[in-house]
Amino acid sequence: MAELPIPDLPPARCSGRFTISTLLGMEEGGRGSYTPTEGSGCDSAQPTQLSSSTLCTRTFGYNTVDVVPAYEHYANSKGMGDPRKGRPSLADLHSILKVTGGLAVPIASPLSPGLPLGPSSPKHLGVVGLLGKAGGLGDAGVKQFPFPAALTWLIILMSVTVTTITGLSISAISTNGKVKSGGTYFLISRSLGPELGGSIGLIFAFANAVAVAMHTVGFAETVRDLLQEHNSLIVDPTNDIRIIGVITVTVLLGISLAGMEWEAKAQILFFLVILVSFINYLVGTVIPATTEKQAKGFFSYRADIFAQNFVPNWRGPEGSFFGLFSIFFPSATGILAGANISGDLKDPAVAIPKGTLMAIFWTTVSYLVLSATIGACVVRDASGSLNDSVAVGSPDCEGLACSLGWNFTACAQRHSCRYGLSNYYQSMSMVSGFGPLITAGIFGATLSSALACLVSAPKVFQCLCRDQLYPLIGFFGKGYGRNSEPIRGYMLTYVIAIGFILIAELNAIAPIISNFFLCSYALINFSCFHASITNSPGWRPSFRYYSKWAALFGAAVSVVIMFLLTWWAALIAFGIVIFLLGYVLYKKPDVNWGSSMQASSYNMALNYSVGLSEVDEHIKNYRPQCLVLTGPPNFRPALVDFVGTFTKNLSLMLCGNVLIGPRKQKMPESRLMADGHSKWLMKRKIKAFYTDVVAEDLRSGVQMLIQAAGLGKMRPNILVLGYKKNWRTASPQSLEDYVGILHDAFDFKYGVCLMRMKEGLNVSRVLQAHEHPENGTVDPTTSASEQQASTIFQSQQGKKTIDIYWLFDDGGLTLLIPYLLGRKKRWGKCKIRVFVGGQINRMDEERKAIVSLLSKFRLGFHEVHILPDINQKPRPEHIKRFDELIAPFRLNDGFKDEATVNEMRQGCPWKISDEEVDKNRAKSLRQVRLNEILLDYSRDAALIAITPPIGRKGRCPSSLYMAWLETLSQDLRPPVILTRGNQENVLTFYCQ
């Protein structure tokens, strides 16, 4: 704080709260002419400038440029940095004075923003994908389409649209780097991140496990129908499905446990059976129909039959387009069978795209051919009775069959026809050249699909378990044998499959499968789209036919279809996805795969940071953005916790560390330690950045940080550092550097916050003793992220007080930081008290004025105390203690002239001359008195916040300034926060 001597002149009139006003027409502390100026009162409307300001002696007993809080300092405040009438600027308080024409004016600092610092600145082939898809063929044989050919084709094409786009996305993912085992989950998680990969992997593994049950039930229903035809049921129709299903899935489990070689051989066998069955069916459609087949509705290819079957003929209250879509869609989900055994493929990057897309193409052709040919050969209703043959054109005969010599009118009207396309589910067997081959094809298709899902689910789940993204599933990650087979996963899938097989109803299982597969496909497509739009450098698939817009379309279509199928099941599926995604985002697993989520976070941060540059600053949006000189953050945990408490989720916090020494020696240390310090902050749940610089000394390093830290508008505006407790015993140069750092911060218009704790801040010696008690050294690679010392700022403070001594108007920062601290849960019960200086004969008026000002700030501070006894003389023993404090730093020059003093002080600028001691006597005694007041009022407070004095450069030696801070804050048990803003408003009571 700059002080002025009181000239022997009559005081000017003052219209404000205080009574003495002088005009500085000389260098501070010197003698010069006094020229009274009109309107030179404390409430002058002109901004305070040192060359023409009114200087009001406040309640401290000596003239000072500094001012106490007042309403007019905040009136009509609009933008950041606007000069406020009545309040001095930082330059007024802090800069070196130069005498020009008899007037003392501040001069620019060599460290002002924009000026240079000077010299000190610085196996198998991919056929399995085809087989897995071909396995869906059997569902068309299990349940024929009781539906017009047009809508049947629409169902097929809708399914193909979703699966084709998903196939393109999977192909892109599989060509975006080396692929290992883990199937779809591995592909997605490594390319797109654990957040999306984990949720997709878990849902996809479960969907495949349930799909095992669905395909097995399809097989069991066919066997049950054969037994029923021959009157050989085991128990009853429903329980027969359960018995056959359990036996079948047990046999499939045995094949899976035997190894991939057996599974591959079984799939080839099933494929050959399906192929022969398909050819057998096509041959049967061109063979002329026998009388028996005509009675069942088969008349070979006829255009009029196809035309009739091409248009809708709805039957029954429960029939719906999307109901049948949900039953059909699982037959199209085999497209990822090849991707799910990626670890067993010779070249996954080639086999997965080729096998997947070829499977989609050929099965699409197969489904279309099947629906078109049978729709052109078989009428909708037939009795199967040879007695229903009639002459063409017979009366009382209705329907297309009448023109073909058959009268099925009676059963059609009664809806009792046993045969025909709408009634007989074994129409393909009846049409084919040899019926049992169709049954064999159905067996092959359903068993092939069931086996593919039984193999896929455990492999996907095993990879997911090994990554430990979710709790309680690590048990299933263990592999056995040369190929690390997921035996435990097989058993889990087997149990799930049996559970759904016991439902014994294909139409009940199919919608569940459809929703989960559609949800998986939507996530896969959206993930690829997300990776594309984030412009992640790591997203470089070599697959040429991928389109981000096609992926977005596929995701949207999948979601729409989900809700059209079963809206409540869609909500459940997405609820599960959101829960799984939120869990991974919350837990933040220790994995780093270079995901698109990381790229997206970077893009969002970059765009918002650039966008901030276009926004003008406003006082209402002021945030205390702190550069904290922590050194290694784990060395000063209390300082980290204090700043982290009031900046969390609010503003920027940067932990700065200066590595002193040669660059070649310190740069490796910097790279080695940075990651550990960042992990320490994350483990402590401090939302902050860590940065370090290498410099020749502490002050030049801090100058680098002050100038370079931050990005755009996200730059620090407050320098936070710990109080230098050992300043009396430290080297004089370190003392000079410490005070010089405070000067540098003010030069760059930073606010300053000093923190002092009775027990000190640096716990490095304790950490060193704990880590290596023998040699006292710390391994930075292990200790930085592990050692977590507890501090007062981590504990509940209860119903104590936070005492704010707002002695000088610094723009409101002294109030703002305790307010932000008090909003946190641990400090929420503390009562905040505000103390300001005042005159004994104006206590009520001054208290009302401060209460009114605080109420306009809406801070919720209601308890205000006026301190009228600041001017009292301190106790003699305390004055003596201060004199003893500065005695080792005195020059003892005997009041010699300035030239002699400067010569004596060469090489020791921290020394205090006798004239400086005398000039600053009143100010020094004021710090002694303030300490007495603090001990009287705030001995039991939880925290004390004080506005400290400012020492003018060139007029206040560093040792004297440190003696003021020492005296002001000594013997106090609570943490003491010495906060000084940059003299610009950080609070306003205006709404615009």
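Residues numbered from 1 in each chain as written. Predicted model: local features only at pLDDT ≥ 70, side-chain atom pairs only at ≥ 80, totals over all residues. Heavy atoms only, no water.

- Per an unreviewed UniProt entry, the protein goes by Solute carrier family 12 member 3 and derives from Malurus cyaneus samueli.
- Under the heading Sequence similarities (unreviewed entry), UniProt records this for the protein: "Belongs to the SLC12A transporter family."
- For the protein, the Subunit (unreviewed entry) comment in UniProt is given as "Homodimer; adopts a domain-swap conformation at the scissor helices connecting the transmembrane domain and C-terminal domain. Interacts with KLHL3. Interacts with IL18R1; this interaction is increased by IL18 treatment." (UniProt positions renumbered as here; feature names shortened; annotations may be inferred.)

1. Concerning the side chain of Thr 979
Point 1. With respect to the helices, strands and loops of the structure, Thr 979 is situated in strand 16 (residues 976-980).
Point 2. On the basis of relative accessibility, which here comes to 1%, the residue Thr 979 falls in the buried class.
Point 3. Excluding residues that lie within four positions of it along the chain, Thr 979 makes contacts with Val 752, Cys 753, Asp 810, Leu 813, Thr 814, Ile 817, Ile 946, Thr 947 and Pro 948. (Helix = DSSP H or I, 4+ residues; strand = E, 2+ residues; numbered from the N terminus. Buried < 20%, exposed > 50% of the residue type's maximum accessible area, 1.4 Å probe, protein only. Contact = heavy atoms within 4.5 Å.)

2. Notes on the nonpolar core
Point 1. Residues Ile 173, Phe 517, Cys 519, Tyr 521, Ile 524 and Trp 539 are the most contacted members of the largest nonpolar core, which totals 100 residues.
Point 2. Counting residues in each nonpolar core, the second largest holds 64 residues, with Leu 627, Leu 652, Leu 742 and Phe 889 among its members. (Core = buried A, V, L, I, M, F, W, Y, C linked by side-chain atoms within 4.5 Å.)

3. Remarks on the layout of surface pockets
Point 1. By volume, the second largest pocket amounts to about 1,100 Å³.
Point 2. Around the second largest pocket, the lining comprises 36 residues; the ones closest to its centre are Leu 629, Arg 636, Leu 698, Lys 724 and Asn 762.
Point 3. Those elements giving two or more residues to the lining of the second largest pocket turn out to be strand 8 (653-660), helix 23 (663-683), helix 24 (698-708), strand 10 (718-722), helix 25 (732-747), strand 11 (751-756) and helix 26 (764-771).
Point 4. It is strand 8 that contributes the most residues to the lining of the second largest pocket, 5 residues altogether. (1 Å grid on protein atoms, 1.4 Å probe; cavity = no way out; pocket = protein on both sides within 12 Å on 5 of 7 lines; lining within 4 Å. Points joined across faces, edges and corners; volume = space filled by probe spheres on them.)

4. Focus on the packing of helix 16 (residues 435-467) against helix 17 (residues 487-501)
Point 1. Viewed as axis vectors pointing N to C, helix 16 and helix 17 meet at an angle of 125 degrees, and their least axial separation amounts to 8 Å. Overall, the two elements helix 16 and helix 17 adopt an arrangement that is oblique. The handedness of the crossing between helix 16 and helix 17 comes out as right-handed. Judged by residue contacts, Leu 454, Val 455, Ala 457, Pro 458, Lys 459 and Phe 461 of helix 16 engage Gly 489, Tyr 490, Leu 492 and Thr 493 from helix 17. (Axes fitted to C-alpha atoms, helices over the stretch in contact; angles between N-to-C directions. Parallel < 35°, antiparallel > 145°, perpendicular 65-115°, else oblique. Left-handed = near helix turned anticlockwise from the far one by under 90°.)

5. Observations concerning a negative patch on the surface
Point 1. Together, Asp 897, Glu 898, Glu 915 and Asp 918 give the surface a local cluster of negative charge.
Point 2. If you trace the backbone, Glu 898 turns up in helix 31 (residues 898-904). (Patch = residues over 30% accessible without salt bridge, like charges linked within 9 Å, V, L, I, M, F, W, Y side chains within 5 Å. Areas by Shrake-Rupley, 256 points an atom, 1.4 Å probe, with all protein chains shown as cover. Salt bridge = Lys/Arg side-chain N within 4 Å of Asp/Glu carboxyl O. Lys, Arg positive; Asp, Glu negative; His and termini not counted. Charge placed at Lys NZ, Arg CZ, Asp CG, Glu CD.)

6. Here's the deal with a nonpolar patch on the surface
Point 1. A contiguous nonpolar patch, built from Leu 275, Ile 279, Val 283, Val 286, Ile 287 and Tyr 301 and spanning about 510 Å² of accessible area, is present on the exposed surface.
Point 2. Along the chain, Leu 275 falls in helix 8 (residues 260-286).

7. Structural notes on the packing of helix 6 (residues 194-229) against helix 17
Point 1. Where helix 6 contacts helix 17, the two axes come as close as 8 Å, and the packing angle between them is 50 degrees. Considering their axes alone, helix 6 and helix 17 lie oblique with respect to each other. Note that helix 6 runs across helix 17; the crossing there is right-handed. Contacts from Phe 206, Ala 209, Val 210, Val 212, Ala 213, Thr 216 and Val 217 in helix 6 reach Thr 493, Ile 496, Ala 497, Phe 500 and Ile 501 in helix 17.
Point 2. Partitioned by chemical class, the residues of the contact of helix 6 with helix 17 number 10 nonpolar, 2 polar and no charged. (Nonpolar A, V, L, I, M, F, W, Y, C, P; charged D, E, K, R; others polar.)

8. Some points on the side chain of Gln 625
Point 1. Here Gln 625 lies in the loop between helix 21 (596-612) and strand 7 (626-629).
Point 2. Filtering out sequence-adjacent residues up to four positions away, Gln 625 remains in contact with Ser 651, Leu 652, Lys 713, Met 714, Arg 715, Pro 716, Asn 717 and Ile 718.

9. Section: the pairing of strand 7
Point 1. Of the two faces of strand 7, the one lined by Cys 626 and Val 628 and the one lined by Leu 627 and Leu 629 are each fully buried.
Point 2. Pairing of strand 7 with strand 8 involves 4 bridges; the strand directions are parallel. Counterpart to Val 628 in the pairing with strand 8 is Cys 655.
Point 3. Traced from strand 7 through helix 22 (residues 637-647) to strand 8, the parallel crossover comes out right-handed.
Point 4. Direction of pairing for strand 7 relative to strand 10: parallel, over a ladder of 4 bridges. Bridge pairing links Leu 627 to Leu 719 in strand 10. (Pairing = 2+ DSSP bridges. Right-handed = clockwise from strand over helix to strand, strands pointing away.)

10. Brief notes about the state of the cysteines
Where two cysteines share a covalent bond between their sulfur atoms, that bond is called a disulfide.
Point 1. In total, this model carries 2 disulfides according to the counting rule given.
Point 2. With its sulfur 1.8 Å from that of its partner, Cys 397 forms a disulfide with Cys 402. Because the torsion about its S-S bond is -95 degrees, the bridge between Cys 397 and Cys 402 counts as left-handed.
Point 3. Of the residues examined, Cys 397 reaches a relative accessible area of 17% and is grouped as buried.
Point 4. Owing to a relative accessible area of 10%, Cys 402 belongs among the buried residues under this scheme.
Point 5. Covalently, Cys 411 is tied to Cys 417 through a disulfide, its sulfur atoms 1.9 Å apart. The sign of the 80 degrees torsion about the S-S bond sets the Cys 411-Cys 417 disulfide as right-handed.
Point 6. This cysteine, Cys 626, is not joined by any disulfide, and Cys 753 carries the nearest cysteine sulfur, 7.2 Å off. (Disulfide = S-S within 2.5 Å.)

11. Focus: the sheet that holds strand 11
Point 1. Here we have 10 strands laid out as an open sheet, ordered 9-8-7-10-11-16-15-12-13-14, and mixed in their pairing. Both edges of this open sheet fall to strand 9 (689-695) and strand 14 (863-867), since each of them pairs with a single strand only. Averaged over all neighbouring strand pairs, the angle between strand axes comes to 20 degrees, with direction disregarded.
Point 2. Bridge analysis of strand 10 against strand 11 gives 5 bridges, and the strand direction is parallel.

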